[in-house]
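# Descriptive analysis of the structure
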Amino acid sequence: MTSKFRLGVAVMTTAVVVALSGCTSSGGSQAGGSAEQGGVLRVGISAAIDSLNPFVSQSDYSSIAYQYVYPHLIEYDAKLNFVPSFATKWETSADGKTWTWHTVPGAKWSDGKPLTAKDAAFTLNMMMKYQNGPTALLASLVAHMTKAVATDDNTLVVTYSAPVANVLAQMQSVNIYPEQVWGPLATGAGKAITTFQNSAPMVSGGPFMMTSYTVNQIALFTRNPNWWGAKKPNIDGFGFQMFANEDAMVTALKTNQVDMIGESTPPTAVDTLKAAGMDVLTAPSLTTMTFIINTNPKKRQHLELLNPNVRKALEYAIDRQTIVNTAWLGHAQLGSTLLTPASGWQDTSIQAMPYDPAQANALLDAAGYPKGSDGIRVANGAPMSYNVVFPTEINGPGDRTFQIIQSDFKAIGIVIKQQKMDSDAAFTAIQGSDGKYEDYDLAMWDWVLPPDPDTQLNAMTCSQWGNLSDSGYCNPAYDAMYLKQGILTNADQRHAMVNQMQQVIFDDRPYIILDYPNVIEAHSPKWAGFVMSPLVGSINNLSTQTLLDVHRVG
């Protein structure tokens, strides 16, 4: 869950419809009846699982799969409090450098082999050993960690070089892997760690097992008979059906081809789905929509974007309120800083630049970039005309957002063109084939992250070039602040440092934060027990609890 969650658009085929149609979900009446056990919840998503390997994947739905397949020492509850999971309790030494975790006794993996604290120790040591190579994508989860030892089957002792501020958030994000599967990969240089396909059926230690997976089409999960948790799932399983577009997904819900649409329910469908008798839930989210500006001083073209006043002019030119009203139909909050209001970490003293095209024009005039006879400004002898890398996963509201910004920029003499591509191609276009972030100018994308700010803050560091960074931003002073915040165990001090970091990103503008979309999910009234999460709704990568209560209505 700590990676940059990339949501890739996929294709629905007839075979997928047949496969999920064979998973019975009906048999109940409208909400208000009694809870029925069993059934398979069919979930429509306009997204893809990009990989089943946690050290490679960047998709939100990959991390959701890991949440239900792999055990975690702790997890969040519906109110975003940390609660025990595979760890029943834990304690910290007086100096804050040693954490002792006590795990569930007698647990088993789905293959029948013991699931113990030794698997957790193996996982952490593998991540530490290869954190500068194969496991670098998740390296922030073992920051300052020096040793992990299972003193017995039910006790894990983790040692740090210094007290760490966010150990609980880190451990919530650590998937515990079966040593019998991953151990043979963690040898030598560890290259097999990232090439491992981890194909279904996967060895599971969570409440569900992934039993079948077809790329860009379907993923099926069944109840794990060896699930050690006190709370057992009501359902027999669930399936992800991946759709090429949101309209097809909405139609599938209305025609009983799926039972639920995940967090990707389009805002344009809310009224239609309600009129069709569907239950529609919405809540503030941890999603951030970003307009990305290449601030790499070594970029090869359009060096005017390195001028801070040009980047400020771009922000002045964007009409955020129109984006919220038109692209999201009010189902979003105005953007300002790197961290969302729902995270509890946003610095509310930072105010976004207001929509002021006159000020934007004044800044560009002062920078010496005049408008030509065609109304397009010229900088350094070239028109201020840019391609915007645009991953297809943010289609829909993202398209409408782009159109608004395109019109806004035209009013200040700047032309932008939408350069659509799938998420893998978009990430490559931003990084460049050599990973140096020298070729792209502008991009749009989103972040979907856990409440603790560490992952988002880490993504902006120089060390995350080629991993989490989707901007190429690099500021050594910011990096030093990132390292410091990780060991500020005083909550107020850490919050103050995180606020300073938000200010740095706001001032440097590798991102213009556009908005924070709400979670919107919809389901058939034949199902109940859904518990919303601000990350991605009821089915998420924060907690197993939000899905375990889901049931058919009798």
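The structure contained in this document is the topic of the report that follows. Quick caveat: nothing in here was measured; it's all calculated off a predicted structure.

## Things to note about the state of the cysteines
- Per the counting criterion, the structure on display carries one disulfide.
- Covalently, Cys-462 is tied to Cys-474 through a disulfide, its sulfur atoms 2.0 Å apart. Judged by the sign of its S-S torsion, about 100 degrees, the bond between Cys-462 and Cys-474 is right-handed. Within this pair, whereas Cys-462 is found in the loop between α14 (454–459) and α15 (476–485), its partner Cys-474 is found in the loop between α14 and α15, the two being separated by twelve residues in sequence.
- You can call Cys-474 partly exposed: its relative accessible area is 41%.

## Digging into the environment of Ser-59
- Relative to the elements of secondary structure, Ser-59 occurs in the loop between β2 (40–45) and α2 (60–69).
- On the basis of relative accessible area, Ser-59 is assigned to the buried category, the value being 1%.
- Taking the C-alpha atoms as reference points, Ser-59 and Ala-47, separated by twelve residues in sequence, lie 8.3 Å from one another.

## Examining the environment of Asn-234
- When you line up the elements, Asn-234 lands in the loop between β10 (218–223) and β11 (237–242).
- Overall, the relative accessible area of 11% leaves Asn-234 in the buried class.
- When the C-alpha positions of Asn-234 and Gly-38 are compared, they lie 6.0 Å apart, and in sequence the two are 196 residues distant.
- Excluding residues that lie within four positions of it along the chain, Asn-234 makes contacts with Gln-37, Gly-38, Arg-223, Leu-548, Asp-549, Val-550 and His-551.
- Only 3.3 Å separates the side chain of Asn-234 from the backbone oxygen of Leu-548, close enough to count as a polar contact.

## Observations concerning the pattern of salt bridges
- Enumeration according to the criterion identifies 14 salt bridges in this entry.
- Between Asp-365 and Arg-377 there is a salt bridge, and its shortest N-O distance comes to 2.7 Å. Linking Asp-365 in helix α11 (residues 357–366) with Arg-377 in the loop between α11 and β16 (378–379), this pair joins segments that are twelve residues apart in sequence.

## Section: the packing of α15 against helix α16 (residues 491–508)
- Close contact between α15 and α16 brings their axes to 10 Å; oriented N to C, the two are set at 160 degrees. Put simply, α15 runs roughly antiparallel to α16. In this structure, the crossing between α15 and α16 has a hand that is left-handed. Contacts between α15 and α16 involve Tyr-478, Met-481, Tyr-482, Lys-484 and Gln-485 from the former and Arg-494, Met-497, Val-498, Gln-500, Met-501, Val-504 and Ile-505 from the latter.
- By residue class, the composition of the contact of α15 with α16 is eight nonpolar, two polar and two charged.

## Some thoughts on α2
- Where burial is concerned, most of α2 is hidden: ten out of the ten residues are buried.
- Of all the residues in α2, the buried ones are Asp-60, Tyr-61, Ser-62, Ser-63, Ile-64, Ala-65, Tyr-66, Gln-67, Tyr-68 and Val-69.
- Near the N-terminus of α2, the side chain that reaches the backbone nitrogen of Tyr-61, with its oxygen 3.1 Å away, is that of Ser-59.

## Observations concerning the pairing of strand β5 (residues 87–92)
- Summarising the sheet, β5 and strand β6 (residues 98–103) pair through five bridges and their orientation is antiparallel. Its bridge partner lying in β6, Trp-90 is registered against Trp-101.
- Between the antiparallel neighbours β5 and β6 lie five residues, among them Gly-96 with a positive phi of about 75 degrees.

## So, the side chain of Arg-509
- Tracing the backbone through its elements, the reader meets Arg-509 in the loop between α16 and β21 (511–517).
- Given the relative accessible area of 4%, Arg-509 is considered buried.
- A polar contact of 3.4 Å, which involves the side chain of Arg-509, links it to the backbone oxygen of Asp-507.
- Among residues more than four places away in sequence, those in contact with Arg-509 are Ile-293, Thr-295, Arg-311, Lys-312, Glu-315 and Met-353.

## A look at the side chain of Gln-172
- In this structure, Gln-172 sits in helix α4 (residues 167–173).
- Its relative accessible area of 1% is what places Gln-172 among the buried residues.
- Among the polar contacts made by the side chain of Gln-172, one reaches the main-chain carbonyl oxygen of Leu-542 at a distance of 3.1 Å.

## As for the sheet that holds strand β23 (residues 527–528)
- Read from one edge to the other, the open sheet built from three strands follows the order β1-β24-β23, with strand pairing classed as antiparallel. The two strands at the open ends of the sheet, each matched to only one other strand, are β1 (35–36) and β23.

The rules behind each value
Residues numbered from 1 in each chain as written. Predicted model: local features only at pLDDT ≥ 70, side-chain atom pairs only at ≥ 80, totals over all residues. Heavy atoms only, no water. Disulfide = S-S within 2.5 Å. Helix = DSSP H or I, 4+ residues; strand = E, 2+ residues; numbered from the N terminus. Buried < 20%, exposed > 50% of the residue type's maximum accessible area, 1.4 Å probe, protein only. Contact = heavy atoms within 4.5 Å. Polar contact = N/O pair within 3.5 Å; in protein donor to acceptor, adjacent residues only side chain to side chain. Salt bridge = Lys/Arg side-chain N within 4 Å of Asp/Glu carboxyl O. Axes fitted to C-alpha atoms, helices over the stretch in contact; angles between N-to-C directions. Parallel < 35°, antiparallel > 145°, perpendicular 65-115°, else oblique. Left-handed = near helix turned anticlockwise from the far one by under 90°. Nonpolar A, V, L, I, M, F, W, Y, C, P; charged D, E, K, R; others polar. Pairing = 2+ DSSP bridges.

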